[in-house]
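Structural overview
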2 protein chains.
Amino acid sequence: MARPFIPKPTDSELEILRILWDRGPSSVRDVHMELEKSKTSGYTTTLKLMQIMLEKGILTRDVSGRNHVYTPTLSRDRTQQQMVDKMISTVFNGSPFMLVMQALGRQRPSPEEINRIKSYLNELEKDRKDRPQEGKKK
Amino acid sequence: MARPFIPKPTDSELEILRILWDRGPSSVRDVHMELEKSKTSGYTTTLKLMQIMLEKGILTRDVSGRNHVYTPTLSRDRTQQQMVDKMISTVFNGSPFMLVMQALGRQRPSPEEINRIKSYLNELEKDRKDRPQEGKKK
DNA sequence: TTGTAGTTACGAATACATTCGTATATTTGT
DNA sequence: ACAAATATACGAATGTATTCGTAACTACAA
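Let me sum up the structure you'll find in this document. What you see is a predicted model; the values in this text were computed from it and never measured.

Before going further, it helps to examine the interface of chain B and chain A. Tallying the contact residues gives 50 residues for chain B and 50 residues for chain A. Carbon and sulfur atoms make up 63% of the area that chain B and chain A hide from each other, which totals about 5,000 Å². Counting across the interface, chain B meets chain A through 6 salt bridges. Taking the shortest distance from any N to any O, the salt bridge between A:Lys118 and B:Glu125 comes out at 2.9 Å. Mapped onto the side of chain B that touches chain A, the elements with two or more residues apiece are α1 (11-23), α4 (76-91), α5 (96-106) and α6 (111-130) of chain B. The element that contributes the greatest number of residues to the side of chain B that touches chain A is α6(B), accounting for 14 residues. Partitioning the side of chain B that touches chain A into residue classes produces 21 nonpolar, 12 polar and 17 charged.

Among all residues except glycine, the phi angle is most often negative; among peptide bonds, the trans geometry is most common. One non-glycine residue, A:Asn93, lies in the positive phi region at around 55 degrees. With respect to the secondary-structure elements, A:Asn93 resides in the loop between α4 (76-91) and α5 (96-106).

Turning to the relation of the copies chain B and chain A, a few remarks are in order. Between the two copies, chain B and chain A, the superposition gives an RMSD of 0.1 Å; the rotation angle is 180 degrees and the shift along the axis is 0.0 Å. On this basis, the relationship between the two copies can be described by a two-fold rotation axis. Residue B:Val100, judged by its C-alpha, is the member of chain B lying nearest the rotation axis, at 2.7 Å. The share of interface residues of chain B whose copies in chain A are also at the interface is 100%, consistent with both copies meeting through the same surface.

Moving on to the protein's contact with DNA strand D. For DNA strand D, the set of nearby residues contains 21 residues, the closest of which are A:Thr10, A:Gly42, B:Arg29, B:Tyr43 and B:Gln51. Backbone atoms, meaning sugar and phosphate, make up 63% of the atoms of DNA strand D lying within 4 Å of the protein. Between B:Arg29 and DNA strand D, the recorded distance is 2.6 Å, taken from a side-chain N or O atom to a phosphate oxygen. B:Tyr43 has a polar side-chain atom sitting 2.7 Å from a phosphate oxygen of DNA strand D.

The environment of DNA strand C is made up of 21 residues, and the closest members are A:Arg29, A:Tyr43, B:Thr10, B:Gly42 and B:Thr45. In DNA strand C, atoms within 4 Å of the protein come from the sugar-phosphate backbone in 63% of cases. Within the side chain of A:Lys48, a nitrogen or oxygen atom sits 3.3 Å from a base oxygen of DNA strand C. Interatomic distance of 3.0 Å between a side-chain N/O atom of B:Ser12 and a phosphate oxygen of DNA strand C. Every element with two or more residues in the surface near DNA strand C is listed here: α2 (28-35) and α3 (43-56) of chain A together with α3 (43-56) of chain B. Residue classes in the surface near DNA strand C are distributed as 4 nonpolar, 10 polar and 7 charged.

Of note, A:His32 is situated in helix α2. Those residues in contact with A:His32, other than ones at most four positions away along the chain, are A:Ser41, A:Gly42, A:Tyr43 and A:Thr46.

This part takes up the pairing of strand β1 (residues 59-62) of chain A. All names here are of chain A. Here 4 bridges tie β1 to strand β2 (residues 69-72), and the two strands are oriented antiparallel to one another. Residue arginine 61 lies in a different strand from β2, and its bridge partner there is tyrosine 70. Here β1 hands over to β2 after 6 residues, the two strands then running antiparallel side by side.

Definitions and limits used
- Residues numbered from 1 in each chain as written.
- Chains lettered and ligands numbered in written order.
- Predicted model: local features only at pLDDT ≥ 70, side-chain atom pairs only at ≥ 80, totals over all residues.
- Heavy atoms only, no water.
- Contact = heavy atoms within 4.5 Å.
- Buried area = accessible area lost by both parts, 1.4 Å probe.
- Salt bridge = Lys/Arg side-chain N within 4 Å of Asp/Glu carboxyl O.
- Helix = DSSP H or I, 4+ residues; strand = E, 2+ residues; numbered from the N terminus.
- Nonpolar A, V, L, I, M, F, W, Y, C, P; charged D, E, K, R; others polar.
- Least-squares fit on C-alpha atoms with pLDDT ≥ 70 in both.
- Near = heavy atom within 4 Å.
- Polar contact = N/O pair within 3.5 Å; in protein donor to acceptor, adjacent residues only side chain to side chain.
- Pairing = 2+ DSSP bridges.

Dropping the structure here:
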């Protein structure tokens, strides 16, 4: 049941993951009610998708109760990492920098966000000077 | 032949696009020779894929010469925009800021890149003060 | 206990992606 | 002009994603 690696989720599967990340562990019914707001497919379709995601190792489930409760195997953060990495290597020629510039250009960040990015950049600089080799801080 | 909209490229199609963006307009032979370095599939597979991409409107081609020469319909930059937008809305809860932070955390940017990001942020701030409504500058 | 509502399991239809074999067409060297 | 080499076009097999109908199961109320 433990898989060698978890395959990349499809677009439909990502919609379900998004709901589970937002809501926390949920039943098929819960997910489907949320999904209905943007899609027209039926309940058994949602069920089947989640069963397949279970097979793939994308979800785990708790079978003990009245109805099954599903949870994503990977955190949103972890999945973001994987997708960003893949995107950088395929579309951005391996340059995270280009992705950052592109994302900044998409929608203007708020003044507060700008400041948070700046202070993060400062930390990176400081870090680099302090410990040219290591990666960790604090 | 003009399509209402160009569909999102698949992973295989992205590999071909990457080559075309790097090389510029190319024949199937050119693309396939490049593709062979990382894949094992045959020449006619590459051909078929590029024909399908033509059908979808992802590529255009020049048929006048000895062999057909294909060109991406959308620039790398334009495609990057679309993919970044989609990613932000599906995985990053609609927040470009989160994507920026994630990308910065992936691989340490060089000091020069840090400076370029900073000066771009400064421009954004300046822009905002000068013209709180408009988007364009210069 | 039996029916009803709500659930999960399963099989199958459809659509799209990927792959290749083979047929057809075109260029070029002799 | 002909053969060999190289191109494109086409059809079909295979695999995966998406969808749903229907069967089987479960809890609960009457």
